[in-house]
Each structure stands twice: as C-alpha cells, then as structure tokens.
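Coordinate inspection notes
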2 protein chains.
Amino acid sequence: MEATEITSSSNERLKRWKRIVSSPRHLRRERATLAEGFHLAMATRDARFPVNAILLRADCPEEASRLAREVFDETASQGRAPRLFVIDPPLYEGIAPVEAGSGIMLEVALPGEPDRASLRGRDALYLDGVQDAGNAGTLIRTAVASGVRVIAASRKTACLWSPKVIRAAMGAHFGATVLGGVEPGELKALFGARNLAADARGGRDIWAEKGWEKGPTVWMMGAEGPGLSDAALEAADLRLYIPIEPETESLNVGAAAAVCLFEQRRRRLAR
Amino acid sequence: MEATEITSSSNERLKRWKRIVSSPRHLRRERATLAEGFHLAMATRDARFPVNAILLRADCPEEASRLAREVFDETASQGRAPRLFVIDPPLYEGIAPVEAGSGIMLEVALPGEPDRASLRGRDALYLDGVQDAGNAGTLIRTAVASGVRVIAASRKTACLWSPKVIRAAMGAHFGATVLGGVEPGELKALFGARNLAADARGGRDIWAEKGWEKGPTVWMMGAEGPGLSDAALEAADLRLYIPIEPETESLNVGAAAAVCLFEQRRRRLAR
C-alpha cells in the first residue's frame, strides 16, 4: 500500500478535490465525491461502494491508518486499486466538510443515474428547495431509516452527493437511490404514486385523515421558511399538516419529515 | 432613539458580547444573551421579553432599522430604555452566531431560575449530553411545538441560552421554561413524572407499548453517537425504541425526538 504525499496547495489532485467540494457542477462532471470520517469510511467499506482514493491527514490517529488499510484490502478484493494519499493537515482540513475531521476521507465514485423505469411504484421523499446541506443529509438519513429508499430533489435543493450532505446523512446514501434535478411536475410520471405535501399552512390533519399511507407515496418537503413551492403544491394529491401547538409557527424541516415518514411507517406496520 | 457607534474591536461592550458568545460561564454571570436575526427579534418583541440593547450592523437593510425602532418602542412602553448600538460590519459578524446575519441582534436578559416547585407534574424534555448547539436548539423548538414546554439539560449539554441554541430554536425559548445543570438522578424529585428513555439499543417498541403517554412524562434524549448515559438509563422508568429499518443504525437526535414527542401528542389528542 504505497502512499503519495501531498504537501503543496498547488497539487493538481488537491485542486480537483477542492473543485468537487465547492461546486456541484464539478462533482457531477468528475462523477466523484468525498466521504469524511471513520463512520462514513466504514459505511463505504461495508456497502462495497467503489473507492477511487483514500486520503489520510498526515497527523491522523493510528486508528485511521488501520481503517485505510482495511478499505484498501476490501477495495482490492473487488479488483480495484485505490490510490492512497497522505496530506498535510492544513491542506486536508481545506477539503474536509467538517472542522477537525477525523483524518480519513474517501473519494468515492458516484453511482450511475438510476433506471427511471425502476422507480415506478416505489415510495419516495421529495426535497423541494432544501438548500441547507445539513438538513438535506438528515432528511436522507431519516427517510432510509423509515423505509423510504428513494430520495429525489429539485434543482434548487442542495446537491445530494455533496460532501456535506453525505456527512450529515451518515452513510444513508449507500442504502438509497438518490436523484437530483427533478421538478414537482415530473413526479407523477416518474413515480406514479400519491404525492403528499407536508404543508404547515393547511390541508388535512395527518393524524385524523385516513388511508393516505396506502399504496406508494411521494412525501414532498419544502425549504425552511418558504415551505413548499407553488409548483409542488399544484403537484400534490393531498396536503397534510402536523397539528402543532397553535402559537408555535412551524417545525424544522427535519423534524417535520420525521413525524410524517414515521407516521407512515407506524400505520403500515400496524396493518 | 439615539445610537452609539462601535467601530473598534477594543470597545468594552463589544468585548462583553464576545464573552457572552464564547463562554456559557460569562453568559450566566452577565445574565444576558444575544438573539440574532429578524425572526428572533420579532419573536422577542412579541413575547415582550426584556431587551437590554439593540445591535444594528452599520450596513443593515432598512427593514432592520425599522424593526429596531419597533423593538425600541415596545420596550420603552414597558418602562425600559434599551440602548441602541450601530456596529461596524466585521465587528458585528464577529459576535453574530451565524455567518451573514441579517443585521439586527438583541441583547436580552435571561429569565430568573424557574421556581422548582412549579415544575412538578409537568411534561418535560431532558437533554442528556447533547453538545451540538444546533441540535439542542432544534430539540427545544420541536418540544414546544409538540406541547412540551419544559426543557431541562445535563451539565454536559450545550448551554441552552447560548446565542447559537437560541438561533436554532427560532424563538421557542420565549414560550418555554428552560433549565440547565440537571443530572438524571434529580429528574424524579424535580418532575415526579414518568421518565421515558429514547434508546436505540433496546427496550419496548414505542408504537406497540401501550399507556406510556398517560400522566406527565419526561422524555430523555441522548447525544448523537453515545446515546443516553448510564445514569440516564438508570433513571428511566421505561426504555422505548423507534422501530427503524433493521440495517440502518439510528436516527439523528432531532428526528428521534420529533418521532417520540409527536407520538405522545398524537396519542393524547386521540384520547
């Protein structure tokens, strides 16, 4: 397992990772992203996700080097040969999605576009303009934990494969089908499911309304503040609200999605 | 409404705000905190919360100056005279809890310690070592929206009155009783309620288990990663888990709390 040291900010590979971190356009063009931290590196290994490169911070703990070796061996057993890079700490921190990262980061290849025909009849979560990467990642994690394994997003939503979203989703990407650039008007043709709008401004009481959990659903969640766009509300078959305390305004989008997706799960498990 | 300009980083008031932002100990000693942004300033005004000072960024939008005037008038009508400060943008950003804040910030006085006798028999949320300020704030917001208006926290939890927690809670503090420095072993004497542990590692199925929502409850939530401490698990009357998909690990603490607190609300509204 030979390592290449990176000690200069003008290193071409480092510049490429910087572009991947800072620009969804570059990320898509390179078809690669970065997964930082022990937990994500282990999740990547366990999911046998294709690893292009292993990045270690030069002063990383022994534990990180050991994990790098395991990821290398696992990847090699799949007939790939990931490159290993040992990176000067300030340069490593410059590309890590969180401050004081744990010292190991993997460059992973993005999966190809999902076969759209395979999406019909599946449950999905749809993110309509959720720009905050941490929120988007938490939403993916919550959806997968609730059994909803397809996550689609509008163009205005954060790039779902960005390193910050991956970090917040804690490995949920590896058990999910993720697709971006989907507008609300396309949902019906894509999924053929019941479009449910989580709408703090009105509609039916999610707990009192019966039967919405039957058959496949697409739960649509809007951004903090503005909520769902007009296009999303038009595409909805049903608008549902969570009965919160009257004088409180709304829930954080991650909390609202947890309530909706787990109410769906509760109802289905009870059947 | 006379304004004092602050243009130097060695200004004594600025240094005091910096201490409040960076140290919970100073925040408690000064009995004051900072609420940044339009939304929070409006929530503070609507809640008639005591405002010590109004801070405007020198290049703030017209909207922020107008709101400053409204907050000033509202506070004056309560017989107080808040001071107004206009602060150089880089100095303002140095004390704002978020990047690119909206240009208005209020120094508010912390409420006194709640009368402990008044807490008996009330529902509460208990945060056991939740160190991330964003998570702690979201948890307060979720609790209040679910009708749980007392939030208690262990010493290892983020200071619930820190500007970052206040920012993430979006004004929920103003409708809540918040108290820190409470250890799990004290919960029973303080609340006399049923202590419910949200525990990903075991216990009973939150949906299958009957009756736990009856009478007052204290929902205990642990930190991301470690979960509830041994002391919290020992103090629990009942451990409940959310049945997530088998191969997923856990939910984000904010999502888990939303599921638990809103399942409690759903059951109570259905009775």
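Structure: see above.
Source: prediction; values computed, not measured.

**Let's talk about the interface of chain A and chain B**
Each partner contributes to the interface: chain A provides 24 residues, whereas chain B provides 24 residues. Those elements that place two or more of their residues in the side of chain A that touches chain B are helix H6 (133-145) and helix H10 (253-270) of chain A. Of the residues forming the side of chain A that touches chain B, the biggest block, seven residues, is contributed by H10 of chain A. For the side of chain A that touches chain B, the per-class residue count stands at 13 nonpolar, seven polar and four charged.

**Details of the relation of the copies chain A and chain B**
At an RMSD of 0.0 Å, chain A and chain B line up after a rotation of 180 degrees and a shift of 0.0 Å along the axis. The superposition operator between the copies reduces to a two-fold rotation axis. Most of the interface of chain A is mirrored in chain B, where 100% of its interface residues are also at the interface.

**Observations regarding the pairing of strand S5 (residues 104-109) of chain B**
Residue and element names in this part refer to chain B. The buried fraction of S5 is high, at five of six residues. Note: strand S3 (residues 51-57) against S5, five bridges, orientation antiparallel. Following the sheet pairing, leucine 55 is matched in S5 by methionine 105.

**Focus on the sheet that holds strand S1 (residues 3-6) of chain A**
Residue and element names in this part refer to chain A. Taken together, five strands build an open sheet; the order of strands is S1-S4-S3-S5-S2 and the sheet is mixed. Both edges of this open sheet fall to S1 and strand S2 (32-36), since each of them pairs with a single strand only. The average undirected angle you get between the axes of adjacent strands in this sheet is 25 degrees. With four bridges joining them, S1 and strand S4 (residues 83-87) adopt parallel strand pairing. Bridge pairing in S4 links isoleucine 6 to isoleucine 87. Running over the sheet, helix H3 (residues 38-46) touches S2, strand S3 (51-57) and strand S5 (104-109) and is turned about 40 degrees from S5. Along the sheet, helix H4 (residues 62-77) contacts S3, S4 and S5; its crossing angle with S3, the most-contacted strand, is approximately 170 degrees.

**Notes on H4 of chain A**
All names here are of chain A. Under the 1.5 Å per step criterion, the end-to-end length of H4 is 23 Å for 16 residues, consistent within 8% with the ideal 22 Å. Residues of H4 that are buried: Ala64, Leu67, Ala68, Val71 and Thr75. Seen along its axis, H4 keeps its buried residues to an arc of 110 degrees; they face one direction. With respect to the buried face of H4, the exposed residues turned more than 90 degrees away are Glu62, Arg66, Glu70, Asp73 and Ser77. Turning to H4, the residues buried within the fold contact H3, S3, S4 and S5.

What counts and how
Residues numbered from 1 in each chain as written. Chains lettered and ligands numbered in written order. Predicted model: local features only at pLDDT ≥ 70, side-chain atom pairs only at ≥ 80, totals over all residues. Contact = placed C-beta atoms within 7 Å. Helix = DSSP H or I, 4+ residues; strand = E, 2+ residues; numbered from the N terminus. Nonpolar A, V, L, I, M, F, W, Y, C, P; charged D, E, K, R; others polar. Least-squares fit on C-alpha atoms with pLDDT ≥ 70 in both. Buried ≥ 20, exposed ≤ 12 C-beta atoms within 10 Å, placed from the backbone. Pairing = 2+ DSSP bridges. Axes fitted to C-alpha atoms, helices over the stretch in contact; angles between N-to-C directions. Expected span 1.5 Å × (residues − 1). Arc of directions from axis to C-beta.

From the geometry alone we can't say anything about function, so treat these as descriptive.
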